[in-house]
Each structure stands twice: as C-alpha cells, then as structure tokens.
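So you can see what is in the structure, the chains are spelled out below.
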Amino acid sequence: MNDGTLTVEIWRGKDEGRFETYRVPHRESQTILDVVTWVQRNAEPALAYRFACRVGMCGSCAMTVNGKPRWTCRTHVSKVVSSGVVRIEPLRSLPRIKDLVADLTPFFEKWRTARGRFEPSATRADPMAPISPESPKRKAADAGIECINCAVCYSACDVVAWNPDYVGPAALNRAWTLVNDERDNDRAGLLRAVSEAGGCHACHTHGSCVEHCPVGLNPTEGIAGLKRMTLSALLKGALS
Amino acid sequence: MIEARLYLLQRGSAMVLGPLVIIHLGLILYAIQGGLSAAEILERTRGSIAWAVFYGAFVLAAAVHAPIGLRNLAREWLAWRGRSLDYATLGFGLILLVLGLRAVWAVVGVAP
C-alpha cells in the first residue's frame with residue numbers, strides 16, 4: 001500500500017476456483033465495492049459481482065472481506081485492509097453462482113419457512129388499524145424492520161453453517177417483527193412455524209448476527225423474544 | 001412443536017440440576033474432608049428417603065437434560081437427522097435413567 005496501490009485477492013470461479021491477485025490504486029474514502037468495480041472495469045471484465053444502489057439500502061452487494069461478511073458499498077478499504085491486502089470472496093453458507101455472486105435462494109426460502117410474510121387481518125375496504133407508535137409491541141417491531149435483506153447475518157452465523165435446517169437470524173428477525181404487528185392475523189401459525197426443527201430454538205445466542213449486522217439490528221434479541229413467546233404458547237397449549 | 005417442548009425440557013431440567021450439582025459437589029468435599037469411609041457413607045444413606053429423593057431427582061433431571069443436548073450436537077456436528085436420531089436420543093436417556101437409578105438404589109437401598 002506504500003506505493004499507493006492495494007493488493008486485492010478476488011475469488012474467481014464457483015466452488016472450484018482460485019484467488020486472483022490484482023494491484024488496485026488506493027484512493028481516499030475508497031469502498032470495497034469501488035475496488036471490485038475498478039477491477040471489473042480495468043483488469044477483469046468477466047468478473048461477476050452484484051450491486052445496485054451503492055448507498056447501503058438495497059442489500060445486494062454483501063461479500064466476505066478479509067474473512068468477515070460485510071456490505072461492500074459502505075465498507076471503507078481503510079477500515080478492513082490488513083498489511084495492504086484485501087481478500088474478497090462470496091458470502092459463506094450460500095451456494096455460489098460465479099466469482100463473488102452467491103445464490104440467495106435458500107436465504108429467502110427460509111424466510112418463507114419461518115412464515116416471514118404478513119397475513120392481513122383486514123381488507124382494503126376496512127378503516128386503517130389504529131396502532132400507537134408508543135405501544136411496546138410496535139416498538140419491538142420497529143426495532144427490527146429496517147432489515148435490508150443483505151444476508152450478512154446469515155453468512156456470519158455459525159449455526160447456519162453447522163445446521164442446514166436453521167432458518168437463520170434474518171428470517172427470525174422478520175418473524176419477530178410480524179409477531180409484534182397487531183395487524184397480523186396468524187400469530188399462532190407463525191409461532192408454530194418458528195418452533196419447527198431449524199426454528200428459533202436452534203439459535204445458540206452467539207450474537208454474530210448482532211456483531212455483523214450493517215444496519216445495527218439485534219436479531220438475537222428478537223430470537224430470544226420468539227423463544228419466550230413460543231414457550232408461553234406451549235404452556236398455554238396454543239402451539240398444537 | 002417438539003423442538004419447543006425439548007427446549008423447555010432442557011432448560012427446565014438445567015434449572016433443577018443447577019442447585020443439585022452444587023449440593024452434590026459440596027457433599028463430596030464434605031465427605032472427603034471428614035475422612036468418611038465408604039462403609040460409613042453407606043451407613044448414613046441406606047434407608048434414607050431424603051437421599052433417595054435427592055439423587056433420584058438428580059438422575060431424572062440428568063437423563064432428560066443430557067440426551068437433548070447430545071441430540072443438538074449430533075444434528076450440528078454429525079448431520080444426523082430423522083427418526084433414528086429421535087430413537088437414539090430416547091435410548092440414551094433410558095440408559096442414563098436405568099444406570100442412574102441402579103446407582104441410587106445401590107446407595108440408598110437397604111441390604112437384605
């Protein structure tokens with residue numbers, strides 16, 4: 001890095017492949033996505049990677065950078081570079097498509113497994129439900145709704161890596177926001193869904209999701225809440 | 001739902017085991033310091049309903065707690081799934097229960 005360049009190692013290939021090394025000019029306020037884009041435009045036109053908004057909203061550019069999952073558009077090189085070297089590979093625990101592109105299909109399928117969709121209790125003809133933003137349930141839901149679906153938590157989670165059934169922190173965080181949404185019509189169904197094998201009880205509370213979440217959410221807290229809710233439902237006989 | 005049940009059983013049995021383990025460890029230290037022989041210990045435990053209840057509860061809680069933890073480990077580390085794992089879990093629990101209760105009987109049972 002002393003000569004104004006970075007040594008960038010980028011994964012090329014699918015499951016079988018190798019790291020290719022590139023020399024990239026180091027610039028001030030440069031992000032990892034800037035680096036990848038420089039390589040694609042100047043050195044390796046066939047390099048495959050995914051991005052869209054470039055401002056930390058769409059959640060599509062997550063990759064593993066020097067061993068940790070990160071949103072690359074908001075990750076400054078200066079914060080993660082180690083001895084002038086940046087190593088970039090696809091997110092772990094997901095199938096690989098090509099180079100830096102991971103297949104997010106299992107990630108979103110697990111959202112469905114955890115019943116991560118809103119079940120309306122009213123039609124569009126009904127008046128709007130009066131929900132106080134100050135109610136404890138709404139506050140609990142609000143704390144988790146800013147998820148950008150980037151799969152960084154999923155990739156950071158060791159339980160996801162060990163247990164292919166585990167739906168992961170993002171899906172359970174989504175379930176937690178829905179179970180606290182008073183307009184949702186199928187609370188019992190949601191609690192049953194997250195009580196299946198691979199649901200909330202599989203979480204070991206390691207907290208990797210909290211540590212790596214780029215938008216500062218706390219999925220572990222939501223998962224602990226789901227554990228409490230499911231146990232309460234179980235004791236009341238409402239889980240069968 | 002079985003996962004929620006097992007979770008409840010494992011946490012519940014851990015709450016029972018917590019104080020029992022501390023008393024058990026304290027008891028070992030006490031027995032060693034006092035220099036009690038095996039015969040002297042047996043003299044105190046034989047026919048004792050209190051010790052039978054204490055160690056009976058210990059064995060029961062351990063027989064519930066340990067197999068559920070091992071089931072989780074087997075799933076994560078050995079990728080073992082399905083009915084066979086459930087039966088193995090149940091079998092291991094039964095083995096712990098039988099061996100444990102046999103040991104309790106050996107300590108509290110009155111010699112004929």
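Because the structure is predicted, anything quoted here is derived from the model rather than measured.

S.K.: What is the right way to read the overall build of chain A from this model?
M.R.: On a plain count of helices and strands, chain A comes out with ten helices and seven strands. Counting only C-alpha atoms and orienting by the principal axes, one finds that chain A spans roughly 65 × 35 × 30 Å. Within the span of chain A, comprising 240 residues, buried residues form 40% of the whole.

S.K.: Is there a simple way to explain the overall build of chain B in this structure?
M.R.: Along its length, chain B carries four helices and zero strands. In chain B, the succession of helices and strands from N to C terminus is α-α-α-α. For 112 residues, the compact-globule formula gives about 13 Å, and the C-alpha radius of gyration of chain B, at 17 Å, lies well above that figure. By principal-axis analysis of the C-alpha atoms, chain B measures approximately 50 × 30 × 25 Å. Long-range pairs, those at least 24 residues apart, make up 82% of the contacts in chain B with a sequence separation of at least 6.

S.K.: Please explain the sheet that holds strand 2 (residues 17-25) of chain A as it appears in this structure.
M.R.: Hydrogen bonds between backbone groups are what pair the strands of a sheet, and the pairing can be parallel or antiparallel. Residue and element names in this part refer to chain A. Strand order across the open sheet formed by five strands is 2-1-5-3-4, with mixed pairing between neighbours. Of all strands in the sheet, those with a lone pairing partner are strand 2 and strand 4 (68-71), marking the two edges. When the angles between neighbouring strand axes are averaged without regard to direction, this sheet yields 35 degrees. In this structure, strand 1 (residues 5-13) lies alongside strand 5 (residues 85-89), joined through four bridges in parallel fashion. Following the sheet pairing, Val 8 is matched in strand 5 by Val 86.

S.K.: So what exactly am I meant to see when it comes to the pairing of strand 2 of chain A here?
M.R.: On a regular strand, each side chain points to the face opposite its neighbour's, so the side chains alternate between the two faces of the sheet. Residue and element names in this part refer to chain A. As judged from the nine bridges shared by strand 1 and strand 2, these two strands associate in the antiparallel manner. Looking at strand 2, one finds that Thr 7 is bridged to Arg 23. Turn length for the strand 1-strand 2 hairpin, with the two strands adjacent in sequence and antiparallel, is three residues.

S.K.: Please explain the domain arrangement of chain A as it appears in this structure.
M.R.: Bring the parts together and some accessible area is lost; that lost area is often taken as the interface size. Residues and elements named next belong to chain A. Under the domain assignment, chain A is made up of domain 1 (5-102) and domain 2 (105-235). Elements supplying a minimum of two residues to the side of domain 1 that touches domain 2: strand 3 (62-65) and strand 4. Broken down by element, the residue count for the side of domain 1 that touches domain 2 peaks at four residues, all from strand 4. Counted by class, the side of domain 1 that touches domain 2 contains seven nonpolar, four polar and four charged residues.

S.K.: Honestly, the interface of chain B and chain A in this entry has me stumped. Any pointers?
M.R.: With nine residues of chain B at the contact, the number on the chain A side is 13 residues. Elements that contribute at least two residues to the side of chain B that touches chain A include exactly helix 1 (2-33) and helix 3 (49-77) of chain B. The element best represented in the side of chain B that touches chain A is helix 1 of chain B, accounting for five residues. Across the side of chain B that touches chain A, the residue classes break down as five nonpolar, no polar and four charged.

S.K.: Honestly, the nonpolar core in this entry has me stumped. Any pointers?
M.R.: Inside soluble globular proteins, nonpolar side chains tend to come together where they are buried. In terms of nonpolar packing, the biggest core is built from 57 residues, with Val 35, Val 86, Ile 88, Ala 151, Leu 172, Ala 175 and Leu 226 of chain A touching the most fellow members. Here this core takes seven residues from helix 7 (residues 169-179) of chain A, the largest share from any one element. Dropping the residues within four chain positions of it, Ile 88 of chain A is found in contact with Val 8, Ile 10, Trp 11, Ile 32, Val 36, Met 63, Val 65 and Leu 100 of chain A. Among the nonpolar cores identified, the runner-up in size contains twelve residues, and Leu 231 of chain A together with Val 59, Val 64 and Ile 68 of chain B belong to it.

S.K.: Help me understand unusual backbone geometry in this model?
M.R.: The phi torsion of most residues other than glycine is negative, and most of the peptide bonds are trans. Residue and element names in this part refer to chain A. In this structure, Ser 29 takes a positive phi of about 55 degrees despite not being glycine. Along the chain, Ser 29 turns up in the loop between strand 2 and helix 1 (32-42). In this structure, Arg 115 is a non-glycine residue whose phi angle is positive, near 55 degrees. Tracing the backbone through its elements, the reader meets Arg 115 in the loop between helix 3 (105-113) and helix 4 (136-142).

S.K.: How do you make sense of helix 7 of chain A when you look at a structure like this?
M.R.: One turn of an α-helix holds 3.6 residues; hence residues three or four places apart share an orientation. Residue and element names in this part refer to chain A. The buried fraction of helix 7 is high, at eleven of eleven residues. Every buried residue of helix 7 is accounted for by Pro 169, Ala 170, Ala 171, Leu 172, Asn 173, Arg 174, Ala 175, Trp 176, Thr 177, Leu 178 and Val 179. Where helix 7 is buried, its residues contact helix 3, helix 4, helix 5 (152-156), helix 8 (187-193), helix 9 (208-212) and helix 10 (219-235).

S.K.: Any chance you could explain the packing of helix 3 of chain B against helix 4 (residues 83-108) of chain B here in plain terms?
M.R.: Describing two packed helices takes the angle between their axes plus the distance from one axis to the other. Residue and element names in this part refer to chain B. Packing of helix 3 against helix 4 brings their axes to within 9 Å, and their N-to-C directions diverge by 160 degrees. Classified by the interaxial angle, the pair formed by helix 3 and helix 4 is roughly antiparallel. As helix 3 packs across helix 4, the resulting crossing turns out to be right-handed. Split by residue class, the contact of helix 3 with helix 4 holds 19 nonpolar, four polar and two charged.

S.K.: Just to check I follow, could you spell out the environment of Cys 53 of chain A for this structure?
M.R.: Residue and element names in this part refer to chain A. If you trace the backbone, Cys 53 turns up in the loop between helix 1 and strand 3. Taking the C-beta count within 10 Å as the criterion, Cys 53 has 12 such neighbours and is therefore assigned exposed. As a C-alpha pair, Cys 53 and Asn 149 span 96 residues in sequence and 13 Å in three-dimensional space.

What counts, and at which threshold
Residues numbered from 1 in each chain as written. Chains lettered and ligands numbered in written order. Predicted model: local features only at pLDDT ≥ 70, side-chain atom pairs only at ≥ 80, totals over all residues. Helix = DSSP H or I, 4+ residues; strand = E, 2+ residues; numbered from the N terminus. Buried ≥ 20, exposed ≤ 12 C-beta atoms within 10 Å, placed from the backbone. Rg over C-alpha atoms; globule rule 2.2 N^0.38 Å. Contact = placed C-beta atoms within 7 Å. Pairing = 2+ DSSP bridges. Axes fitted to C-alpha atoms, helices over the stretch in contact; angles between N-to-C directions. Domains from an automatic or database assignment. Nonpolar A, V, L, I, M, F, W, Y, C, P; charged D, E, K, R; others polar. Core = buried A, V, L, I, M, F, W, Y, C linked by C-beta atoms within 7 Å. Parallel < 35°, antiparallel > 145°, perpendicular 65-115°, else oblique. Left-handed = near helix turned anticlockwise from the far one by under 90°.

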